[in-house]
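Fold and contact review
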Amino acid sequence: MVRFATVWKLSVLTACSFMLPGMQGRLDNAELRILSAHNAERAKMGVASLRWDDQLAEGAQRWADHLSATGKFEHSPNRPGEPLEGENIWGGTPDSFTPESMVRLWIAEKRSYVAGVFPANSSTGRVEDVSHYTQLIWRRTEAVGCGLAHLGGEEILVCRYSQPGNVRGRIPI
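Let me sum up the structure you'll find in this document. Residue positions are given per chain, counted from 1 along the sequence in the order it is written. For this predicted model, a pLDDT threshold of at least 70 governs which residues receive local features, and a threshold of 80 or more governs which side-chain atom pairs are given and counted, while totals over whole chains, interfaces and linings are taken from all residues. No hydrogens and no water enter the side-chain calculation; it runs on all heavy atoms of the structure.

1. Remarks on the state of the cysteines
We apply this condition: Any two cysteine sulfur atoms lying within 2.5 Å of each other are counted as a disulfide. Per the convention used, a helix needs a DSSP run of H or I reaching at least four residues, while a strand needs a run of E reaching at least two, with both numbered from the N terminus. Only protein chains enter the accessibility calculation, which uses a 1.4 Å probe; a residue whose area is less than 20% of its type maximum is buried, one above 50% is exposed, and one in between is partly exposed.
In this structure the tally under the stated criterion is one disulfide. Note on cysteine connectivity: Cys-146 is disulfide-linked to Cys-159, with sulfurs 2.1 Å apart. Between Cys-146 and Cys-159 the sulfur-sulfur dihedral comes to about 110°; the bridge is accordingly right-handed. Taken together, the residues Cys-146 in strand β3 (residues 143-149) and Cys-159 in strand β4 (residues 155-162) connect sequence positions 13 residues apart. The exposure class of Cys-159 is buried, given its relative accessible area of 0%.

This is how it looks when you write it as structure tokens:
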């Protein structure tokens, strides 16, 4: 009887171990996880949480698809007559990063961030060393929507923000 109980426990544990990876796949609940990663950092900086915006996400998805399909890596152009949006883009090896790790790479720019008036927010003197981070924590930004694509050789994440950050002459937080 002891032997049966032990075999049964091992069988259950083995079955469960096969189910665990499927319980939260790499991209399961990606929207919520991206939003949570943004808001966790914003909370650390004393900035209000963002809300998810489906319209921003639709535009971000179109641009992510375009970048992934064309192999280009560039910010989208402003669209005449449409409201300005902030934008962060990320590219990496397909199937290698979680949504949180993608956002954490933008948050890693915090190491070069210094308080002050934008664009003088980088300890390196190079605004591009902090501009993803400043957009992410920008106090006036209220909403984010993101799209993720892997149509080509690189996985692309695009996040769009409203109101846009990185406004010259303004203080991020």
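Picking up after the structure, the text goes on.
2. Looking at the nonpolar core
As a reminder, the rule being used: To define a nonpolar core, start from buried Ala, Val, Leu, Ile, Met, Phe, Trp, Tyr and Cys residues and group those joined through side-chain atoms within 4.5 Å. Here, two residues are considered to be in contact whenever any of their heavy atoms come within 4.5 Å of each other.
Core analysis: the largest hydrophobic core is formed by 21 residues, its most contacted members being Trp-106, Val-144, Leu-157 and Cys-159. Ranked by residue count, the leading element in this core is helix α4 (residues 99-107), at four residues. Apart from the residues within four sequence positions on either side, Cys-159 is in contact with Ile-34, His-38, Gly-86, Glu-87, Asn-88, Trp-106, Val-144, Gly-145 and Cys-146.

3. Some thoughts on the pairing of β4
Keep this limit in mind: For two strands to count as paired, DSSP must find a minimum of two bridges between them.
Summarising burial for β4: seven of the eight residues are buried, a large majority. Taken together, the seven bridges between strand β2 (residues 86-92) and β4 define a ladder with antiparallel strand orientation. Along β4, the bridge assignment pairs Gly-86 with Tyr-161. Where β3 meets β4, seven bridges bridge the pair, whose relative direction is antiparallel.

4. Focus on the packing of aromatic side chains
Threshold: Each aromatic pair joins two rings of Phe, Tyr and Trp (for Trp, the six-membered one) with centres within 6.5 Å, and gets the label stacked for planes under 30 degrees apart, edge-to-face for over 60, and tilted for any other angle.
A full pass over the atoms with the stated rule returns three aromatic pairs. Ring centres of Trp-90 and Phe-97 lie 5.0 Å apart, and the angle between their planes is 75°; on these two criteria the pair is classed as edge-to-face. When its relative accessible area of 5% is taken as the criterion, Trp-90 is described as buried. With 5.6 Å between their ring centres and 65° between their planes, Tyr-113 and Tyr-133 make a pair best called edge-to-face. In this pair, Tyr-113 sits in the loop between α4 and α5 (131-137) while Tyr-133 sits in helix α5, placing the two residues 20 residues apart along the sequence. Residue classification places Tyr-113 among the buried positions, given a relative accessible area of 14%.

5. Quick notes on the pattern of salt bridges
The test is simple: Salt bridges are defined as contacts in which a side-chain nitrogen from Lys or Arg sits within 4 Å of a carboxyl oxygen from Asp or Glu.
In this structure the tally under the stated criterion is 11 salt bridges. When the shortest N-O distance is used, the salt bridge between Arg-26 and Asp-95 registers 3.2 Å. Pair noted here: Arg-26 is in the loop between α1 (2-23) and α2 (30-44) and Asp-95 is in the loop between β2 and α4, with a separation of 69 residues, a long-range link. Taking the relative accessible area as the measure of exposure, Arg-26 reaches 22% and is therefore partly exposed. Under the relative-accessibility criterion, Asp-95 is labelled exposed at 52%. For Arg-79, the salt bridge is made with Glu-85, and the minimal N-O distance between the two is 3.3 Å. You can call Arg-79 partly exposed: its relative accessible area is 30%. On the basis of relative accessible area, Glu-85 is assigned to the partly exposed category, the value being 26%. Each of Arg-79, Glu-82, Glu-85, Glu-87 and Arg-160 takes part in a single network of salt bridges with overlapping partners.

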